[in-house]
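Listed here are the chains, written in short residue letters.
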Amino acid sequence: MSGERKSPNIIITGTPGVGKTTHCESLAQRLGLRHISVNEVVKDKECHEGWDEELTCWIVDEDKLLDAIEDDVEQGGCILDWHACDVFPQRWIDLVVVLRVDSTTLYDRLKARNYPEVKLQENLDSEIMEVLLQEAHDSYDSEIVIELTSNTSDEMESNIDRIEAWVKQWKLDNQEV
């Protein structure tokens, strides 16, 4: 499918608090790509089955979600911003970036967001156990999955530069001859 698109589709994933939205917004601005916040799509297009009080989040209807974003993603040039990646068909995706942070940094970031203790602990456990990194490797070809550290603003800037260079190379490699 990537041969039909003029720009790649990228997933920026990781546990809440790793800097997904910051990365996505910067990349969208620099590269003219579309930032798709999956949480906003779920809420705005009602791609959910209700609210989970304990975890304070929507219960996502994955079929509705995929239907809601399919046309945009098939055009290419999308940066998907979400804590999960395995729901998106491999044919849609050209790069999966798994952002990681150390547990102290993550704890501080989630505490600052006033996460309930059960949600905070679940996300810390997920990060420590590399759940989302494993999910990415299980769902996509290993050559399109990269792991980047996002503890500091310098690391974030370096990550954004690296992904920008990747996008430019992808465009060169996928030009019509």
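Preceding this section is the structure that the text describes.
Right, let's walk through the structure included here. Source: prediction; values computed, not measured.

The rules behind these values
Per chain, residues are indexed from 1 in the order of the written sequence. Reporting in this predicted model follows two pLDDT cut-offs: at least 70 for local features of residues, and 80 or more for side-chain atom pairs to be given and counted; totals over whole chains, interfaces and linings ignore these cut-offs and use all residues. Values shown for side chains rest on all heavy atoms present in the structure; no hydrogens or waters enter the calculation. By disulfide we mean two sulfur atoms from cysteines, separated by a distance within 2.5 Å. In this scheme, a residue with accessible area under 20% of its type's maximum is buried, one over 50% is exposed, and one in between is partly exposed, where area comes from a 1.4 Å probe on protein chains only. Labels follow the DSSP assignment, with helices taken as runs of H or I lasting at least four residues and strands as runs of E lasting at least two, numbered in each case from the N terminus. Polar contacts, as counted here, are pairs of nitrogen or oxygen atoms within 3.5 Å of one another; within protein the pair requires one atom able to donate a hydrogen and one able to accept it, and residues that are adjacent in sequence qualify only if both atoms are side-chain atoms.

**Section: the state of the cysteines**
Then step 1. Per the stated rule, a full pass over the model turns up zero disulfides.
Then step 2. For the unlinked cysteine Cys 57, the closest cysteine sulfur is that of Cys 47, found at 15 Å.
Then step 3. Cysteine Cys 85 is unpaired, with the sulfur of Cys 24 as its nearest cysteine sulfur at 13 Å.
Then step 4. When its relative accessible area of 0% is taken as the criterion, Cys 85 is described as buried.

**Considering the side chain of Asp 94**
Then step 1. For Asp 94, the position within the fold is in the loop between β5 (78-81) and β6 (95-100).
Then step 2. Residue Asp 94 is classed as buried on the basis of its relative accessible area of 9%.
Then step 3. One polar contact links the side chain of Asp 94 to the main-chain amide nitrogen of Asn 9, over a distance of 2.8 Å.

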